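# Notes for the structure review
So the chains spell out like this:
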Amino acid sequence: MEATILNNTKVDYPKEKALFDLFNESAQAYPDKIAISFHDRSLTYTEVANTANRIAALLVQKGIKKGDIIGLALDRTPEMIISLLAIMKSGAAYVPLDPEYPKDRIEFMLEDSSAKILITSAKYAGHYAANTTEVLIEQALAESAELVPEQPNTGVTGANLAYILYTSGSTGKPKGVQIAHHSLVNFILSCQKKPGITSADKTLAVATISFDIAGLDIYLPLSVGAELVLADSLTAKDGRAVLDIVRNQGITILQATPYTWRMMLEVDWDEKLPLKVFTGGEALAKDLAAKLIARSSEVWNLYGPTETTIYSIIKRVTDAEDVTIGWPVDNTQIYIVDEAMNSLTNGDIGEILIGGDGVSWGYLNREELTAEKFIDNPFSNIPGDKIYRTGDLGKLRPDGEVVCLGRIDHQVKVRGYRIELGEIEFHLGKQEDIKEAVVIAREDTPGYPRLVAYLLLKSGETGYASAQQLDAWQNALLAELPEYMVPDDFVLLDVIPSTPNGKIDRKALPKPDYSHIIRSDAYVAPRTSNEKLVADIWQEMMGLDKISMVDNFFQLGGRSLVAVKIMAKLEEKTGKRLPLATLFEHSTVEKLAARLDVNSELITWDSLVPIKPKGSKMPLYIVHGAGLNVLLFNALAMNMDDEQPVYGLQAKGINGIDEPLDVMEEIAANYVEEIINHDPVGPYAIAGYSLGGMIAYEMAKQMLALGKDVKMLAMFDTYADQTKVHTPPLKRTIKDAWFFVKQVAYTPILFIEDPKRTIEYKSREIGRRIAKVYKKAFPNKVKKKEGFAAYTDDIHEKSEMAQRNYLLTPVDIKIELFRAKKKTFYMDDFKNLGWLPFALKGVNVHDIPGEHNTIFAPPNDKQFARVLQECLDKAVK
Ligand code: AMP
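Position numbers for residues count from 1 along each chain, tracking the sequence in the order it is written. With the structure being a predicted model, the display of local features is reserved for residues of pLDDT at least 70 and the display and counting of side-chain atom pairs for 80 or more, all residues being used for whole-chain, interface and lining totals. Only hydrogens and water are set aside when side-chain values are computed; all heavy atoms of the structure are taken into account.

### Description of the overall build of the chain
Inclusion rule: Per the convention used, a helix needs a DSSP run of H or I reaching at least four residues, while a strand needs a run of E reaching at least two, with both numbered from the N terminus. When we talk radius of gyration, it's over C-alpha atoms, and the globule rule is simply 2.2 Å times the number of residues to the 0.38. Any residue under 20% of the maximum accessible area for its type is buried, any over 50% is exposed, and the rest in between are partly exposed; the area is computed with a 1.4 Å probe on protein chains only. Pairs of residues are marked as contacts when any of their non-hydrogen atoms sit within 4.5 Å. Per-residue and other accessible areas were derived by the Shrake-Rupley procedure at a 1.4 Å probe size, with only the shown protein chains allowed to occlude residues. Only four residue types enter the tally: Lys and Arg on the positive side, Asp and Glu on the negative side; His and the chain ends are excluded. Charge positions come from single atoms, namely NZ of Lys, CZ of Arg, CG of Asp or CD of Glu.
Scanning the chain for helices and strands turns up 26 helices and 34 strands. Taking 2.2 N^0.38 as the reference for a compact globule, 877 residues should give roughly 29 Å; the C-alpha atoms of the chain span a radius of gyration of 31 Å, in line with that estimate. Across its three principal axes, the chain shows a C-alpha extent of roughly 100 × 65 × 50 Å. When each of the 877 residues of the chain is scored for burial, the buried share is 57%. Of the contacts formed within the chain by residues at least 6 apart in sequence, a portion of 69% connects residues at least 24 apart. Working note: accessible area of the chain is about 36,800 Å², and carbon and sulfur atoms make up 53% of it. The averaged location of the 119 negative side-chain charges in the chain is 5 Å from the averaged location of its 100 positive side-chain charges.

### Regarding the domain arrangement of the chain
Our working rule: Source of the domain bounds: an automatic or database domain assignment.
Domain parsing of the chain yields domain 1 (19–332), domain 2 (411–508), domain 3 (529–593), domain 4 (608–722 + 809–875) and domain 5 (729–787). Its C-alpha centre places domain 3 at a distance of 33 Å from the equivalent point of domain 4.

### A short note on the pairing of strand 20 (residues 386–396)
Stated precisely, the cut-off is as follows: One bridge is not enough; two strands pair if DSSP finds at least two bridges between them.
Summarising the sheet, strand 17 (residues 350–356) and strand 20 pair through 5 bridges and their orientation is antiparallel. In the strand pairing of strand 20, Ile 354 is matched with Tyr 388. Two strands pair when backbone bridges link them, and strand 19 (residues 374–376) and strand 20 are joined in this way by 3 bridges, in the antiparallel orientation. Looking at the pairing, Phe 374 lines up with Tyr 388 of strand 20. As judged from the 4 bridges shared by strand 20 and strand 21 (residues 402–407), these two strands associate in the antiparallel manner. The partner of Lys 395 across the bridge, within strand 21, is Val 403. The turn linking strand 20 back onto strand 21 is made up of 5 residues, and Gly 400 within it adopts a positive phi angle of 95°.

### Regarding the site of the ligand
Definition in use: We call a residue near a molecule or strand whenever a single non-hydrogen atom of that residue lies within 4 Å of it. In protein, a polar contact means a hydrogen-donor-capable atom and an acceptor-capable atom, both N or O and within 3.5 Å, with residues adjacent in sequence counting only if both atoms are side-chain atoms; elsewhere, any N or O pair within 3.5 Å suffices. All amino acids are sorted into three groups, where Ala, Val, Leu, Ile, Met, Phe, Trp, Tyr, Cys and Pro are nonpolar, Asp, Glu, Lys and Arg are charged, and the leftover types, Gly among them, are polar.
Around the ligand there are 18 residues in total, and Leu 302, Thr 306, Asp 392, Lys 413 and Arg 418 lie nearest to it. In this structure, a nitrogen atom belonging to the ligand sits 2.9 Å away from a side-chain N or O atom of Asn 301. The separation between an oxygen atom of the ligand and a polar side-chain atom of Arg 418 is 2.5 Å. Relative to its unbound accessible area of 490 Å², the ligand is 94% covered by the protein chains. At the level of elements, strand 13 (298–303), strand 21 and strand 22 (411–414) are the ones that each hand at least two residues to the shell around the ligand. Considering every element that reaches the shell around the ligand, the biggest residue donor is strand 13, with 3 residues. Counted by class, the shell around the ligand contains 7 nonpolar, 5 polar and 6 charged residues.

### Structural notes on the confidence of the model for the chain
Stated precisely, the cut-off is as follows: Each residue carries a pLDDT score, the predictor's own confidence in it, on a scale running from 0 to 100.
Within the chain, residue pLDDT values average 87, and 93% of them lie at 70 or more. Note on residues 599–605: pLDDT is under 50 here. Beyond four places in sequence and across chains, it has 24 contacts.

### With respect to the packing of aromatic side chains
Note the following rule: Stacked, edge-to-face and tilted labels apply to pairs of Phe, Tyr and Trp rings (six-membered ring for Trp) whose centres lie within 6.5 Å, assigned for plane angles under 30 degrees, over 60, and everything in between, in that order. Lysine and arginine charges are scored as sitting over a ring when NZ or CZ, respectively, is within 6 Å of the ring centre and within 35 degrees of the ring normal.
Counted according to the given criterion, the structure contains 21 aromatic pairs. Residues Phe 187 and Tyr 311 carry aromatic rings whose centres are separated by 6.3 Å and whose planes lie at 55° to one another, so their mutual orientation is tilted. One end of the pair, Phe 187, is in helix 7 (residues 181–196); the other, Tyr 311, is in the loop between strand 13 and strand 14 (313–316), and 124 residues separate them in sequence. Across the pair, Tyr 311 and Phe 187 agree in class, each one buried. Plain terms: the ring middles of Tyr 621 and Tyr 647 are 5.4 Å apart, the flat faces sit at 25° to each other, and that makes the pair stacked. One end of the pair, Tyr 621, is in strand 29 (residues 620–623); the other, Tyr 647, is in strand 30 (residues 646–649), with 26 residues separating them in the sequence. Across from the ring centre of Phe 108, 5.3 Å away, lies the NZ or CZ of Lys 173, which sits over that ring.

### Observations concerning helix 15 (residues 467–478)
How we decide: Take the number of residues in a helix, subtract one, and multiply by 1.5 Å to get its expected span.
An ideal rise of 1.5 Å per residue puts 16 Å on 12 residues; helix 15 measures up with 16 Å between its terminal C-alpha atoms. Contacts from the buried residues of helix 15 go to helix 14 (421–429), strand 24 (434–445), strand 25 (448–457) and strand 27 (489–492).

### Describing the pairing of strand 5 (residues 117–120)
The side chains of a regular strand alternate, first on one face of the sheet and then on the other. Of the two faces of strand 5, the one holding Ile 117 and Ile 119 and the one holding Leu 118 and Thr 120 are both buried throughout. Sheet topology places strand 5 next to strand 6 (residues 133–136); 4 bridges connect them, and they run parallel. Note on strand 6: the bridge partner recorded for Leu 118 is Glu 134.

### Thoughts on the environment of Leu 222
Looking at where Leu 222 falls in the secondary structure, it is placed in helix 8 (residues 214–222). Looking at Leu 222, the relative accessible area reads 1%, which means it is buried. Note: C-alpha distance between Leu 222 and Leu 833 (611 residues apart in sequence) is 56 Å. Beyond its immediate chain neighbours, meaning those up to four positions away, Leu 222 contacts Leu 22, Phe 23, Ser 26, Ala 35, Tyr 45, Ile 81, Leu 85 and Leu 228.

### Concerning the sheet that holds strand 25
What counts is decided by this rule: Only the stretch in contact is used when a helix axis is fitted, and all axes are lines through C-alpha atoms; the angle between N-to-C directions ranges over 0 to 180 degrees.
Taken in spatial order, the 4 strands of this open sheet run 24-25-27-26, and their pairing is mixed. Only two strands of the sheet have a single partner each, and these edge strands are strand 24 and strand 26 (463–464). In the sheet, strand 25 pairs with strand 27 via 4 bridges, with the strands oriented parallel. Paired with Ala 453 across the strands is Phe 490, a residue of strand 27. Together, strand 24, strand 25 and strand 27 form the strand contacts of helix 15, whose direction differs from that of strand 27 by roughly 120°.

### Some words on the sheet that holds strand 15 (residues 327–328)
Strands sit in the order 2-1-10-9-11-12-13-14-15 across an open sheet of 9 strands; the sheet is mixed. Of all the strands in the sheet, the pair left with one neighbour each is strand 2 (41–44) and strand 15. Along the sheet, helix 10 (residues 239–248) contacts strand 9 (202–205), strand 10 (227–230) and strand 11 (253–256); its crossing angle with strand 9, the most-contacted strand, is approximately 170°.

What follows is the structure in structure tokens.
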């Protein structure tokens, strides 16, 4: 096979065009066609173009010039795509940053790329410390709304930079690959022909923007007037949810990594779908190819490193026995070379080199590495022409197709993610107790890759690490590396095996004894039938012999693919379909089983409950009232803005396992910890209902003391009940008596207002008091409650005790007081509900319909939600 025939890919293309020109042409041809769909939202090409143009104009107003760099850290919403277009239209190049990555890593990328601006959302405002001006997308949309929707004239051409994409770096820090507009234009135009796409197609985008293949997801459909359906990040990780969208929304093209395809096949995908399968980013195994060919209209295997623009070699696979990566895309040359750079055209194995229009400018600020990987093209007579050394092994078949045969170096792909093992080893090597670390990717069970760290400890310890050691190492790694780079297993060795010439012998590293991996120090056996069921399923699916009820799914090496299988099996056994996210939030057997124990879709027993977790606005955290769990806030949350996330905080002990807390400061500290774990930076909005208001008040105080930015503290009909435990007994009795008199005197007024409600309320109160006195007098006669009722009673008592002992002291904050219009009982201060002396910045009263117990019930929930949303939106400004 002659390399010249293989490389006969020269095609004319508009090299001067910028990537967004392709989108603009679609927008002109299909102004009213849907460009992007996301949940219930659909945006036409004109809408996307206009918004992108306006934001681009705003960026120019903010001083952005051709060649500047802008970072983008947004959740997966249409605004993410619009912002990418806007950045390019403003003349800048973008650095895509996945907000799920560690803060340090994102800050490094902002710093390394000298990004002038970071576009993010209110949710992440102030999160990243870097020399970058933050532009919040919510504000940018508002500020640019009045601008003329015209694309700024920046003079960007194909020769300018479109993005810098960071990938794992073997020496400890990620490296930024620079890609020019013309490379992308060439690639997209080549893809339009092969694999092919038309304006009638409907594509689904699941790749994270920090992976370069997202470029195909976004720009390919938008370059031909097709409809792009955007999956949010939870959906993108859930094979079942992706399959549901493909089936129900008539998706005709989906690009995904083999790992995601496997996830989709784990659920009941048996039928043939009118779907073009694009599988890329990782080797396509034969068994997977066979399954995909049987279930789709076309299967395409796409190969390529980030450094040569998304994909460089592609092939339609029609026979699972014949999986190759095929032929180069337009204007791309492939050579297989030996160490002396001789082109191997006879089928011998060598390194794959890629040249042509897709070749990157190199790694930003990494001249040495760039020179090593981007070498002068020995097969070209154009001066300065570079060719990229992929580090992949390959061979040429006689028919001209390229076969990819793995790596030369220690770069691996795990679940589609590109990882330099050296980067993980570097960070492990920094740990105080570790002398040497070697990390490899193993696939002892086919289809289930695991990252295993082999460690030599300074202490000489061998065997398996303790739970404390694991926690320490995992946490240290998580601070620097994305979650997918944290090893699943840690094995302690007394010697690292080496080859006769002194190199680490990775092949001789022992297979970990997976059955041994019990992460928590104490083994807890199943206690309920659901715990037994969940444990059995985990054991079977994860190939483990024994699982403790408190072992964490992720620490056991659990990943989305296994998660999907587990949830599918649970559904089969119990008939309950739980979202995949349930496993992320309830990641021990104990918690997942508890989740199965309850019927309602919403009840979860962690303190922090995601009532409505999606949305780009500053999240609102609401603390439970005396009803303890937070289901009550569901209707309120659903009536708030689509972009408004709402979380509830429910009492510790509600699962019947944890010990309830009885000191206000401790209750608040527990919630503060949960919130900060969930969102370490803020700003924060917290609210509490009834007794929860007191807790929220103490939380705000603690958060301010921690230097946190509490943008809103809201009380939902909470009275500032100042404790009298510190009041001398006589004075207290007088005060209580006087209050009682006022209360009685006020009863007729309440009665006239609403006789039925007043009678109900008063009789309930009297009943409660009698029961209390009776219980005290005859403790043995009172039938002991069991189960849920027993521990909620216990929590009630303890919360009341916490409130009785809690001393309110003034805090430098403003309180937003949401006051029920209808009064149920007498209060000394009907106006500010007693809060004025304690809120040094004042009390802002909002009247809401209903009485204390009905403010969340329809139809009151709607108005309450509206007033609350307005208040929240104001608080962010
Ligand atoms: P990335 O830069 O993340 O796209 O990773 C590129 C590397 O992934 C390549 O150098 C290959 O090692 C591997 N890779 C990507 N696509 C394929 C494929 N279709 N078949 C085999 N390996 C692939």
